[in-house]
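Chain by chain, the residues:
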Amino acid sequence: MSDFDPGRGFGVYVHWPYCARICPYCDFNVYAAKARDTAPLFDALLRDLEGWRGRTGEREVSSIFFGGGTPSLMSGAQVVQLIAHVRSLWHVAPGVEITLEANPDDLARFGEFAEAGVDRLSLGIQSLDDERLKFLGRTHSAGDALKALDEARGKFRSISIDMIYAVPGQTLEDWRGELSRALALGADHLSLYELSIEPGAAFAFAVKRKAWAPASDDEAAALYEATQEMSEAAGLPAYEISNHARGAEHRSVHNGIYWKCGDWAGVGPGAHGRLTIGATRWAVEAAEKPGAYLHHVKTNGIGWSVVDELDAVGQARERVAMGLRVVEGFAVADVEALRLKLNAENVAMLVALGFVAERDGRVMLTPEGRLRADRIAAEIAP
Ligand code: SF4
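Residues numbered from 1 in each chain as written. Predicted model: local features only at pLDDT ≥ 70, side-chain atom pairs only at ≥ 80, totals over all residues.

Asks: What am I meant to see in the overall build of the protein chain here?
Replies: Scanning the protein chain from N- to C-terminus turns up 15 helices and 16 strands. Compactness check: the protein chain gives a C-alpha radius of gyration of 21 Å against a globular reference of 21 Å for 382 residues, within 12% of the reference. Taken over the C-alpha atoms alone, the protein chain extends approximately 50 × 50 × 45 Å along its principal axes. The 382 residues of the protein chain split such that 44% are buried. Partitioning the intrachain contacts of the protein chain with sequence separation of at least 6 by distance along the chain shows that 70% fall at a separation of at least 24. (Helix = DSSP H or I, 4+ residues; strand = E, 2+ residues; numbered from the N terminus. Rg over C-alpha atoms; globule rule 2.2 N^0.38 Å. Buried ≥ 20, exposed ≤ 12 C-beta atoms within 10 Å, placed from the backbone. Contact = placed C-beta atoms within 7 Å.)

Asks: Which parts of the structure should I look at to understand the nonpolar core?
Replies: Taken as a class, soluble globular proteins show a tendency for nonpolar side chains to be buried jointly. Residues Val79, Val86, Leu121 and Tyr165 are the most contacted members of the largest nonpolar core, which totals 81 residues. Setting aside residues up to four positions removed in sequence, valine 79 forms contacts with Phe66, Met74, Leu100, Phe113, Ala116 and Val118. Counting residues in hydrophobic clusters, the runner-up holds 15 residues, among them Ala316, Leu350, Ala377 and Ile380. (Core = buried A, V, L, I, M, F, W, Y, C linked by C-beta atoms within 7 Å.)

Asks: What am I meant to see in the pairing of strand E16 (residues 362-365) here?
Replies: The two faces of a sheet get side chains in turn, since along a regular strand they alternate between them. Taking every second residue as pointing to the same face, the buried face of E16 carries Val363 and Leu365, while none of Arg362 and Met364 on the other face is buried. With 2 bridges joining them, strand E14 (residues 330-331) and E16 adopt antiparallel strand pairing. Along E16, the bridge assignment pairs alanine 331 with arginine 362. Pairing of strand E15 (residues 356-359) with E16 involves 4 bridges; the strand directions are antiparallel. (Pairing = 2+ DSSP bridges.)

Asks: Looking at this structure, I do not really get the site of the ligand. What am I missing?
Replies: Around the ligand, the structure places Cys19, Ile22, Cys23, Cys26, Phe28, Val30, Gly68, Gly69, Thr70, Asn103 and Gly124. In terms of residue class, the shell around the ligand is built from 6 nonpolar, 5 polar and no charged. (Near = placed C-beta within 6 Å. Nonpolar A, V, L, I, M, F, W, Y, C, P; charged D, E, K, R; others polar.)

Asks: For this particular structure, what's the right way to read helix H6 (residues 172-183)?
Replies: Taking 1.5 Å per residue as the helical rise, H6 with its 12 residues ought to reach 16 Å, and the 16 Å between its terminal C-alpha atoms agrees with that figure. Listed as buried for H6 are Trp175, Glu178, Leu179, Ala182 and Leu183. An end-on view of H6 places all buried positions within 135 degrees of arc, on one side of the element. For H6, the exposed residues set more than 90 degrees away from the buried face come down to Glu173 and Ser180. Looking at the packing, one finds that the buried side of H6 touches strand E7 (158-165), strand E8 (189-194) and helix H8 (217-233). (Expected span 1.5 Å × (residues − 1). Arc of directions from axis to C-beta.)

Asks: What exactly am I supposed to notice about the domain arrangement of the protein chain here?
Replies: In many analyses, interface size is given as the accessible surface area lost on bringing the parts together. Taken as a whole, the protein chain is organised into domain 1 (6-257) and domain 2 (312-382). Computed over C-alpha atoms, the centres of domain 1 and domain 2 are 27 Å apart. Taken together, the contact pairs 7 residues of domain 1 with 7 residues of domain 2. (Domains from an automatic or database assignment.)

Asks: I keep staring at the environment of lysine 341 and nothing clicks. Help me out?
Replies: Its place among the elements puts lysine 341 in the loop between helix H12 (332-337) and helix H13 (344-352). In the structure, lysine 341 is positioned 222 residues away from aspartate 119 in sequence and 41 Å away in space, judged by C-alpha atoms.

Asks: What is the right way to read helix H5 (residues 142-152) from this model?
Replies: In an α-helix, one turn spans 3.6 residues; hence positions three or four apart end up facing the same way. Every buried residue belonging to H5 is among Ala142, Ala145, Ala148 and Ala152, and all of these are buried. Buried residues of H5 fall within an arc of 120 degrees about the axis and therefore sit on the same side. Opposite the buried face of H5, by more than 90 degrees, sit the exposed residues Gly143 and Asp150. Tucked inside the fold, the buried residues of H5 contact helix H3 (110-116), strand E6 (120-126), helix H4 (130-135) and E7. The positive-phi residue at the C-terminal boundary of H5 is glycine 154, with phi of around 85 degrees.

Asks: Is there a simple way to think about the sheet that holds E16 in this case?
Replies: In space, the 3 strands of this open sheet follow the order E14-E16-E15, with antiparallel pairing throughout. Looking at strand neighbours, the two that pair on one side only are E14 and E15, the edges of this open sheet.

Asks: Quick question: what am I supposed to make of unusual backbone geometry here?
Replies: Most peptide bonds adopt trans geometry, and most residues besides glycine take a negative phi value. Glycine 69 follows glycine 68 through a cis peptide bond whose omega is 20 degrees. Its location among the elements puts glycine 69 in the loop between strand E4 (60-68) and helix H2 (76-89).

Asks: Got a minute to help me understand the packing of helix H1 (residues 39-56) against helix H10 (residues 290-300) in this structure?
Replies: When two helices pack together, their arrangement is given by the angle between the helix axes and the distance between those axes. As a packed pair, H1 and H10 sit with axes 10 Å apart at the nearest point and diverge in direction by 45 degrees. Regarding the angle of H1 to H10, the classification is oblique. Considering the relative orientation of H1 and H10, their crossing is left-handed. Judged by residue contacts, Pro40, Leu41, Ala44, Arg47 and Asp48 of H1 engage Pro290, Tyr293, Leu294 and Val297 from H10. Across the contact of H1 with H10, the residue classes tally to 7 nonpolar, no polar and 2 charged. (Axes fitted to C-alpha atoms, helices over the stretch in contact; angles between N-to-C directions. Parallel < 35°, antiparallel > 145°, perpendicular 65-115°, else oblique. Left-handed = near helix turned anticlockwise from the far one by under 90°.)

Shown next as structure tokens:
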């Protein structure tokens, strides 16, 4: 049915859009959980998966990812059923990676998730400082985060923790101290994000009314550099702009599918997906609001509300932008096969400036270049 290159990987992404409380920095497609009945959404996820199976044909699934929102609000039984449904629809690779993003507050269900087959837990710790956690609007304390990590240990093959830096008032020394404590926790993977002020998030309004100022570019760059240097020294070098792993076996297979421009079925409100059939690649998006999503699934048997065809040059630009995120970069031949000619003059200039390197037919960013990834992608793949 499809000429899809299985080497790029095929994954399943399940978006659970509810959170106990909406964090003021968040611009994801999320809704307050309240005491709502989630059965209709759960049922729609199952139908949506079936709709995707009808379009992909047989594929081998190398990753299943429960993201959100807060998928750790799901019950263990719901996770069991979703994984079983994926297994009934596609061939699931032996050693498949099954990730679930968890809030430390939900530690009581970690055992159920592990029994359901989740082998990678991504724990949203965000900070090890109670004041900063409060500022970030999180419901857990640093102590709760450590308890959750203890609970997760030994239950999952791989544990990742998320941390946020460049929080207003946080000095370089503060972050160094916090990061060194985070690195000492022994997690297999760290996702380290700069606090970004997203339009539409509550923090954007706070900045607009001058309640506080975000970190300057120079401050953020100094924090980023310290992050790279300390993670590398602790044996968790960056393999992507914000992601660090203790060895290749702990890199995220799922995000690897995005960075290699593989395909994935994305189900749930607002979930994005990619589907390659023959020479055609589609970028699709499910309806955002849960009510509209239920309606789309009921009416069309799939959640899609936006379906865009990516032409060859659009695909090539995506390969450049995604490939530049990872340390291996992208293969020039791959991009040229899609009829995109790189701007050789700009590549040479960026190499001379020390932002880009070329090796074995691949182009990658240097650590200095990683801070400017988006701008560089636009310069070399116009
Ligand atoms: S818990 Fe995560 S997804 Fe939910 S509102 Fe907070 S940052 Fe956003």
